[in-house]
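Close look at the chain arrangement
Chain residues, written in single-letter form:
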Amino acid sequence: MTTTTAIPTGRQRAATPAEHRPKREREGAAWVFLSPWVLGAIVLTLLPMAVSLYLSFTDYNLFDPPHWIGLRNYTQMFTEDPRYWRSVVTTLTYVVVAVPLQLALALVVALALKSMKRGKAFYRSAFYAPSLLGASMSIALVWRAVFNDGGTVDNLFGTGGWVNRPGWALLAVALLTVWQFGAPMVIFLAGLQQIPAELYEAAAVDGAGRWRQFLSVTVPMLSPVLFFNLVLQTIQAFQVFTPAFALSAGKGGPADSTLVYTMYLYDRGFVASHMGYASAMAWVLLLVIGAVTAVLFRTSRSWVFYASEGDR
């Protein structure tokens, strides 16, 4: 009787020390590495959210213990506070104006950069810089000086100071956001570079001009990137605060024309010390942003094209 000894082949490999460890021990090691993130998420996110939800049903002024009042904050918000509804209208107007203008400008500049042969890296960095600086209070104050009485815009066009005119102040705030188009521009540029050149060549052979190529090739192939930018910038627009606060000197004027939602939330919570009311406003904002995002995802099925899935 003969015995044969298995000879290891090139496809076989020795088990690593980690594979010899019990599964429970490996899971324990994973939780050790994850524990800083889990602890941070609980302490810095979930716990404050739970406290904020509780405070939204209380009368809390930051100094005395919270007093449970049930739905009174929400009732007052929706039925007894006209400034609340003015802040809602102002914020919706801002979102409708600022987001499309910002995305349109970002796409135009991205298309221009894609066709450039020289200096692309320099111009890409130059156009991206406002996205890094625009959210700061210092830039917002400079913007206020530009659009104030006797500022650059007034001297060039003679239209007066925008920040002191109710019909123009919100537009000045929106233009500051539009000026920060660098982040969506970089994302658009990355998406444009992924579109196969063969599609444009085939469209040109079929007699399509530049505009037809843009509508029939660029827009469908870029629709996932456009959708991503739309969702991201919409969420950020609903939370706008610094530009409106700086241009109105923290008052939301003139005539509440720049009183965006987050500024009124700040006023109720930290100026008037109605933290329970401000917490209720914050939860309404969270629900509205979630609903708007859900609607965008729902409607995306009819206009977002994913090449890996074919025609949708």
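The text that follows walks through the structure, step by step, so that each part is easy to find. None of the values given here were measured: they were computed from a predicted structure.

Criteria and cut-off values
- Residues numbered from 1 in each chain as written.
- Predicted model: local features only at pLDDT ≥ 70, side-chain atom pairs only at ≥ 80, totals over all residues.
- Heavy atoms only, no water.
- Helix = DSSP H or I, 4+ residues; strand = E, 2+ residues; numbered from the N terminus.
- Buried < 20%, exposed > 50% of the residue type's maximum accessible area, 1.4 Å probe, protein only.
- Contact = heavy atoms within 4.5 Å.
- Areas by Shrake-Rupley, 256 points an atom, 1.4 Å probe, with all protein chains shown as cover.
- Core = buried A, V, L, I, M, F, W, Y, C linked by side-chain atoms within 4.5 Å.
- Phe/Tyr/Trp six-rings, centres within 6.5 Å; stacked < 30°, edge-to-face > 60°.
- Patch = residues over 30% accessible without salt bridge, like charges linked within 9 Å, V, L, I, M, F, W, Y side chains within 5 Å.
- Salt bridge = Lys/Arg side-chain N within 4 Å of Asp/Glu carboxyl O.
- Axes fitted to C-alpha atoms, helices over the stretch in contact; angles between N-to-C directions.
- Parallel < 35°, antiparallel > 145°, perpendicular 65-115°, else oblique.
- Left-handed = near helix turned anticlockwise from the far one by under 90°.
- Nonpolar A, V, L, I, M, F, W, Y, C, P; charged D, E, K, R; others polar.
- Polar contact = N/O pair within 3.5 Å; in protein donor to acceptor, adjacent residues only side chain to side chain.
- Arc of directions from axis to C-beta.

**Side note on the overall build of the protein chain**
Scanning the protein chain for helices and strands turns up 14 helices and two strands. Expressed as a percentage of the 312 residues in the protein chain, the buried residues total 37%. Within the protein chain, counting contacts between residues at least 6 apart in sequence, those at least 24 apart form 67% of the total. As presented, the protein chain carries roughly 19000 Å² of accessible surface, and 66% of it is formed by carbon and sulfur atoms.

**Here's the deal with the nonpolar core**
Grouped together as the largest cluster of nonpolar side chains are 63 residues, with contacts concentrated most on Met77, Tyr84, Tyr94, Phe188, Tyr261 and Met281. Residue contacts for Met281: discarding those within four places in its chain leaves Met77, Tyr84, Tyr261, Tyr264, Leu265 and Arg268.

**What about the packing of aromatic side chains?**
Inspection of the entire model under this criterion finds 20 aromatic pairs. Ring centres of Phe227 and Phe297 lie 4.9 Å apart, and the angle between their planes is 90°; this geometry places the pair in the edge-to-face category. Taken together, the residues Phe227 in helix H11 (residues 210-238) and Phe297 in helix H14 (residues 275-299) connect sequence positions 70 residues apart. Given the relative accessible area of 46%, Phe297 is considered partly exposed. Among the aromatic residues, those joined into a ring-pair cluster are Trp143, Phe147, Trp162, Trp168 and Trp179.

**Looking at a nonpolar patch on the surface**
Among the surface-exposed residues, Leu39, Ile42, Val43, Leu44, Leu46, Met49 and Leu286 lie close enough to one another that they form a single nonpolar patch of about 660 Å² accessible area. At six residues, the largest contribution of residues to the nonpolar patch is made by helix H2 (residues 23-55). Within the fold, Ile42 resides in helix H2.

**Quick word on the packing of helix H13 (residues 261-271) against H14**
Running from N to C, H13 and H14 cross one another at 155°; their axes reach a closest spacing of 7 Å. The orientation of H13 relative to H14 falls into the category roughly antiparallel. Along this stretch, H13 crosses H14, giving a crossing that reads as left-handed. Contact residues: Tyr261, Thr262, Tyr264, Leu265, Arg268, Gly269 and Phe270 in H13; Met275, Tyr277, Ala278, Met281, Ala282, Val284 and Leu285 in H14. Residue composition of the contact of H13 with H14, by class: 11 nonpolar, two polar and one charged.

**Topic: the packing of helix H5 (residues 120-133) against helix H9 (residues 182-193)**
Axis angle and axis distance: for two packed helices, these are the angle between their axes and the distance between the axes, and together they describe the pair. Closest axis-to-axis distance for the H5/H9 pair is 7 Å, and the angle between their directions is 145°. For the pair H5 and H9, the contacting residues are Lys120, Arg124, Phe127, Tyr128 and Ser131 in the first and Gly182, Ala183, Met185, Val186, Leu189 and Gln193 in the second. A breakdown of the residues in the contact of H5 with H9 according to their chemical character gives six nonpolar, three polar and two charged.

**Remarks on the environment of Gly167**
Residue placement: Gly167 occurs in the loop between helix H7 (152-157) and helix H8 (169-179). For the pair Gly167 and Pro254, spaced 87 residues apart in sequence, the C-alpha separation works out to 9.1 Å.

**Side note on the side chain of Ser279**
Structurally, the position occupied by Ser279 is in helix H14. Overall, the relative accessible area of 6% leaves Ser279 in the buried class. Here Met275 takes part through its backbone oxygen, which lies 2.9 Å from a polar atom of the side chain of Ser279. Ignoring any residue separated from it by four or fewer positions in sequence, one finds Ser279 in contact with Ser52, Leu55 and Ser56.

**Describing helix H6 (residues 137-146)**
If you check which residues of H6 are buried, you get Ile139, Ala140 and Trp143. Around the axis of H6, the buried residues are gathered within 100° of arc, so they sit on the same side. Along its buried surface, H6 packs onto H5, H8 and helix H12 (242-247).

**Focus: unusual backbone geometry**
In the segment running from Gly253 into Pro254, the intervening peptide bond is cis, with an omega of 0°. The topology assignment puts Pro254 in the loop between H12 and H13. For Ala249, which is not a glycine, the phi torsion comes out positive at approximately 60°.

**Focus: the environment of Met185**
Examined against the element boundaries, Met185 turns out to sit in helix H9. Once the C-alpha coordinates of Met185 and Arg124 are considered, the two residues, 61 residues apart in sequence, prove to be 8.5 Å apart. Setting aside anything within four residues of it in sequence, one finds Met185 in contact with Ala106, Val109, Ala110, Leu113, Arg124, Phe127 and Tyr128.

**Observations regarding the pattern of salt bridges**
Counted by the stated rule, this structure contains three salt bridges. Between Arg86 and Asp256 there is a salt bridge whose closest N-O contact spans 3.1 Å. Taken as a pair, Arg86 in helix H4 (residues 82-114) and Asp256 in the loop between H12 and H13 lie far apart in primary sequence, 170 residues in all. A salt bridge links Arg268 to Asp267; its shortest N-O distance comes to 3.0 Å. We note that Arg268, like Asp267, is buried.

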